[in-house]
Each structure stands twice: as C-alpha cells, then as structure tokens.
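Next come the chains, spelled out residue by residue.
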Amino acid sequence: MSELGFFGAGVFFFAALANAAAPPAATISAIAVEPRFFNPALGQVATIRFTLGTRARVAVSILDRDRFVVRRLPPREQEPGWAAFAWDGKDDAGATVPDEAYSLLIEAATGGRSERYDPSAGFTPQIEGAEIRSYSRSAGVLSYTLSRPSRVHIQAGQATPDSKSGQMQGPILKTLVDREPRVAGAVVETWNGMDEGGTVYVPGLPHFAMAVLATSLPDHSLIVSGGRGGSFLDYARARRHAGAAAAVRSAPARPAAGSGSAAGPHHRGLDAFQDHSPPVLLRTGGRWDAARQSWSTGPSLVVEVTIPEERAAPFLGQPNELTLYVDETPVARVQSPKNPWRMSLDRRLDPGEHRLVVNWSSDFGPVAVAVTRVLVSPGAVAASPSGGKR
C-alpha cells in the first residue's frame, strides 16, 4: 500500500472511531398533548408527554401563533423514558393567556449535543376538510366537522352562481368565526342569525349561504378555550416589543398581472395582525331612525366607509378591494381604495327599504364587513354622511 493510501485509511479509521465514540442524541419521540383543549380559568392544565432515548437536560417552551415565546417551563435533568411537563395556561409574567392555539418547543441537550422538537418552525398550513352538517335557525346552532385541529373562518351571506364563471358570488353579511382555532371532530358554533350590525336576519334572505374554511394547525398544538377576557390581538400588542412586527412573517406578494396564478391559499403567510377582519364603519347620508334601525335617505345615496386607524395598517398593507352592494347587487368595486372611502351612488334607488353592504376584502382572505338598512322616501333629498351607525 502507498503512503498516501495508508494515510487515507488511517484518517478514515480514526474518524470512524470518533463517530463511534460520540454520545447518542436524546431522541425525543412519542409526543402527546392532553387534553385537546383546556380552560385555564377553571384551573385546568395541559400535560405534555414524550420519551427520551438517553439522559438529557430538557427545556419546554410555549410559543404563540407567531412563534413568540409566552412561557418557558422550568428546565430539568431527565432520565431516559417518559417525561411529562404541565402548562397551566399562564405566561412568564403569571398572566393567563387569551384563547388561541399555542405551539410546543422541546429542547434536549446531552453530551454537548442538542435536539429540538419544533413543529411550528417552517410550518405551512394546508386546507383541511370541513363539512357543514346542519344549521338550525330556531336554535341558532351551526354544526360541522373538521378532519384535524384547524384554524377556522366561517362566513354567512347571500350567494348565487355567476353566469360566466359558475362560481358562487354575493355579499358577505356576517363573519361568525374569524380565524380561531378548533379541535378535530364535531364542532358546534352558536349564531343568532343577525348580520354584523345586528339589524338584518341573514338566514331569512334569498339565496342564504354559509361557508367554512379550515387550515391545519401545527402538530400537538395546545388550544386554550374559555380563558381570560380580551382578545389575542390586544394581548400580543401589549406584550410584544417595539418593532416586533418586523420579526413575524410578511404577507406574500401579489402575483404579476397576467400570470394566471392566484394570490395563494387563503390566509397563508399572514401574522396574527394581518390575519384578522377589522371592523368597518359605514355611514350614509340621511337621518338615523332608531325605531326602524335604518337610515332615512333620498333616492341618491351618499356613502362613507372607514376602517378605524388603529386597525387599518395590517389590513390595508395587503392587496385589497372594496365592493359596495345594494341588496344583492354590486354597484361599485374599487381596488385599494383610500381610507376613508367616499362616493355618491350614480343610480337612484327605488322608494322602499334596501340593504347596504360593504365587503372590503384582502386578496389573502380577511374580509371586513359592514351592513346597514336604508329607507328611501319618495322625493327625499340626499344628505352628506353623518352619524356613527354601522
């Protein structure tokens, strides 16, 4: 054997010995979370179980939907076999977290090596099966099933097939569930049937329709339900440091014109602030009739639509379109309108009662909805927008 060949063999031999002497990884496996959802306000806890292949120092962290750490459970030395950590639904400051889906981060270190179980890292949600089973108008109960734990978006409105595309089109009048987590299996939601403004009974309208969109959650998500008051958005806004929004994922870019590609699956790539339907203020000229819960106006309609400033930026940073409906008929469509948006309706409305609906829609999924009723009196004169009714 030549010197070079012998030397090469020697290097391989010692490298093989070094690899053989390396300590084994911790081998995190058999992860389980119980129960599927829990209520910290009732003193319930979630138990995180897994097995280790070797002795290791283990740390478990709880991450929010944008992967910010809300709780670091005390680390400890763990022998091989089963390990269990309990989370009481509180953050590092001792406050109960709001209703949301939270993710695990398990880290195990041994012999200078480390291993991570991090199911939300690089996770891409997929559209999951969601089947509406029934909606009872008398009981106000919607029943549907999910194929796996998912983030859910439910809307109700009117829909008829478009004569050209065949796709269902029409105004959305109510967002029942706005991107909230739900467990797999049978799910029940309650809804009294009223629109966003509480003045129109939606199931009683012609062409009533409902739609459920579900996108998968990371494996072993911990769903907090019935916890502290307040929203997750308010909680996150109060606790994230200045500039934290830059650390979360940005919305995907709008496809090039004429590319033939869609904007991508609805709601994919949005952070908690972007993936939310903001409130909309809808004002119209005329006089507000509290008894009828409607605007009294003339046949020429003047409209003003506003998203409150504190909620506008994350939504309006996405490509968006505003559609104004009178009853079921779209009367105006505007790409990326200014906020607030104002217009005078060219067409004159027939005397009688009409529904005025605004759908301000992001290309990525969120839809801001406002509904009001207008009562057109013969010979009345249109006025400028006034008041604050939706």
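Before reading on, note that the structure itself is shown above.
To keep things clear, this report deals only with the structure shown in the data block.

Here is what the cut-offs are and how they apply
- Along each chain, numbering runs from 1 in the same order as the chain's sequence is written.
- Per-residue local features of the predicted model are confined to residues with pLDDT of at least 70, and side-chain atom pairs are confined, for both listing and counting, to 80 or more; whole-chain, interface and lining totals are unaffected and use all residues.
- Hydrogens and waters are ignored; side-chain quantities use all the structure's heavy atoms.
- A run of H or I in DSSP becomes a helix once it reaches four residues, and a run of E becomes a strand once it reaches two; helices and strands are each numbered from the N terminus.
- Pairs of residues are marked as contacts when any of their non-hydrogen atoms sit within 4.5 Å.
- Shrake-Rupley sampling with a 1.4 Å probe provides the accessible areas, and residues are treated as covered by the protein chains on show and by no other component.
- Buried, partly exposed and exposed residues are distinguished by accessible area as a fraction of the type maximum, computed with a 1.4 Å probe on protein chains only: under 20%, between the cut-offs, and over 50%, respectively.
- Two strands are counted as paired when DSSP detects at least two bridges linking them.
- Put simply, a nonpolar core is a bunch of buried Ala, Val, Leu, Ile, Met, Phe, Trp, Tyr and Cys residues held in one set by side-chain atoms that sit within 4.5 Å of each other.
- Cavity: a set of points on a 1 Å grid over the protein atoms alone where a 1.4 Å probe fits but cannot get out. Pocket: an open set with protein on both sides within 12 Å along at least five of seven lines, its lining residues, like those of a cavity, having an atom within 4 Å of a point.
- Grid points are joined across faces, edges and corners, and a volume is the space filled by probe spheres set on the points.
- Residues are grouped as follows: Ala, Val, Leu, Ile, Met, Phe, Trp, Tyr, Cys and Pro are nonpolar; Asp, Glu, Lys and Arg are charged; every other residue, Gly included, is polar.
- The arc in question is formed by the directions pointing from the helix axis toward the C-beta atoms.
- By salt bridge we mean one thing: a side-chain nitrogen of Lys or Arg within 4 Å of a carboxyl oxygen of Asp or Glu.
- Only the six-membered ring of Trp is used, alongside the rings of Phe and Tyr, when aromatic pairs are assigned; centres must lie within 6.5 Å, and planes under 30 degrees apart are stacked while those over 60 apart are edge-to-face, with the rest tilted.
- Each ring is checked for a lysine NZ or an arginine CZ that lies within 6 Å of its centre and within 35 degrees of its normal; such an atom marks a charge sitting over the ring.

1. Quick word on the overall build of the protein chain
Right, so step 1: Across its full length, the protein chain carries three helices and 28 strands.
Right, so step 2: Taking all contacts inside the protein chain whose residues are at least 6 apart in sequence as the whole, residues at least 24 apart take part in 67%.
Right, so step 3: Surface exposure of the protein chain reaches about 19,100 Å², of which carbon and sulfur atoms provide 53%.

2. Some remarks on the pairing of strand β23 (residues 300-306)
Within a regular strand, side chains alternate between the sheet's two faces.
Right, so step 1: Of all seven residues making up β23, six are buried, and the element is well covered by its neighbours.
Right, so step 2: When strand β20 (residues 281-284) meets β23, the two strands line up antiparallel, connected through four bridges. By the bridge assignment for β23, Arg 283 is matched with Glu 304.

3. So, the sheet that holds strand β10 (residues 127-128)
Right, so step 1: Across the sheet, four strands lie side by side as β10-β18-β13-β16; this open sheet has antiparallel pairing. The strands lining the two open edges of the sheet, one partner per strand, are β10 and β16 (172-182).
Right, so step 2: Pairing analysis gives nine bridges linking strand β13 (residues 150-158) to strand β18 (residues 208-216), with the strands arranged antiparallel. Bridged to Gln 158 within β18 is Phe 208.

4. Structural notes on the nonpolar core
Right, so step 1: Ile 48, Phe 50, Val 58, Val 60, Trp 87 and Ile 106 are the most contacted members of the largest nonpolar core, which totals 31 residues.
Right, so step 2: When residues of this core are traced back to their parent elements, those giving at least two are β1 (29-34), β3 (46-52), β4 (56-63), β7 (81-87), β8 (100-110), β19 (222-224) and α2 (232-239).
Right, so step 3: Beyond its immediate chain neighbours, meaning those up to four positions away, Val 58 contacts Phe 50, Leu 52, Pro 75, Arg 76, Gln 78, Phe 85, Ile 106, Glu 107 and Ala 108.
Right, so step 4: Counting 25 residues, the second largest nonpolar core, distinct from the first, contains Leu 301, Leu 324, Ala 332 and Ala 370.

5. Overview of the layout of surface pockets
Right, so step 1: In this model, the largest pocket occupies a volume close to 1,000 Å³.
Right, so step 2: If you list the elements that add at least two residues to the lining of the largest pocket, you get β13, β15 (168-169), β18, β24 (320-326) and β27 (352-362).
Right, so step 3: Partitioning the lining of the largest pocket into residue classes produces 14 nonpolar, 15 polar and three charged.
Right, so step 4: Of the voids in this model, the second largest pocket is the one considered here, and its volume is about 670 Å³.
Right, so step 5: Sorting the residues of the lining of the second largest pocket by element identifies β16, β17 (185-190), β19 and α2 as the ones contributing at least two each.
Right, so step 6: In terms of residue count, the dominant contributor to the lining of the second largest pocket is β16 (seven residues).
Right, so step 7: Across the lining of the second largest pocket, the residue classes break down as 12 nonpolar, six polar and 12 charged.

6. A closer look at α2
Residues separated by three or four positions in an α-helix point in the same direction, a consequence of the helix having 3.6 residues per turn.
Right, so step 1: Among the residues of α2, Phe 232, Leu 233, Tyr 235 and Ala 236 are the ones counted as buried. Looking straight down α2, one finds that the buried residues subtend no more than 160° of arc, so they occupy a single side.
Right, so step 2: Contact partners of the buried residues in α2: β5 (69-72), β8 and α3 (309-316).

7. Let's talk about the pattern of salt bridges
Right, so step 1: What the rule picks out here adds up to 24 salt bridges.
Right, so step 2: Here Glu 79 and Arg 55 are joined by a salt bridge, their closest N and O atoms 2.0 Å apart. Of this pair, Glu 79 sits in the loop between β6 (76-78) and β7 while Arg 55 is found in the loop between β3 and β4, placing the two residues 24 residues apart along the sequence.
Right, so step 3: Glu 100 serves as the salt-bridge partner of Arg 65, at 3.9 Å between the closest nitrogen and oxygen.

8. Observations regarding unusual backbone geometry
Right, so step 1: Of note, the amide linkage connecting Glu 34 to Pro 35 takes the cis form, showing an omega dihedral of -5°.
Right, so step 2: Mapped onto the elements of the fold, Pro 35 is located in the loop between β1 and β2 (37-38).
Right, so step 3: Following Asn 339, the chain continues to Pro 340 via a peptide bond in cis, the omega torsion being 0°.
Right, so step 4: Inspection of the secondary structure puts Pro 340 in the loop between β25 (329-335) and β26 (341-348).
Right, so step 5: The residue His 220 is not glycine, and still its phi comes out positive at about 60°.
Right, so step 6: Mapped onto the elements of the fold, His 220 is located in the loop between β18 and β19.
Right, so step 7: Phi at Gln 293 takes a positive value of approximately 55°, unusual for a residue other than glycine.
Right, so step 8: Examined against the element boundaries, Gln 293 turns out to sit in the loop between β21 (287-289) and β22 (294-297).
Right, so step 9: Gln 293 sits in the partly exposed class, given a relative accessible area of 32%.

9. So, the packing of aromatic side chains
Right, so step 1: Summed over all chains, the structure comprises nine aromatic pairs.
Right, so step 2: A network of ring pairs unites the aromatic residues Phe 38, Trp 87, Tyr 102, Phe 232 and Tyr 235 as a single cluster.
Right, so step 3: Over the ring of Phe 85 we find Arg 76; its NZ or CZ atom is 3.8 Å from the centre of that ring.

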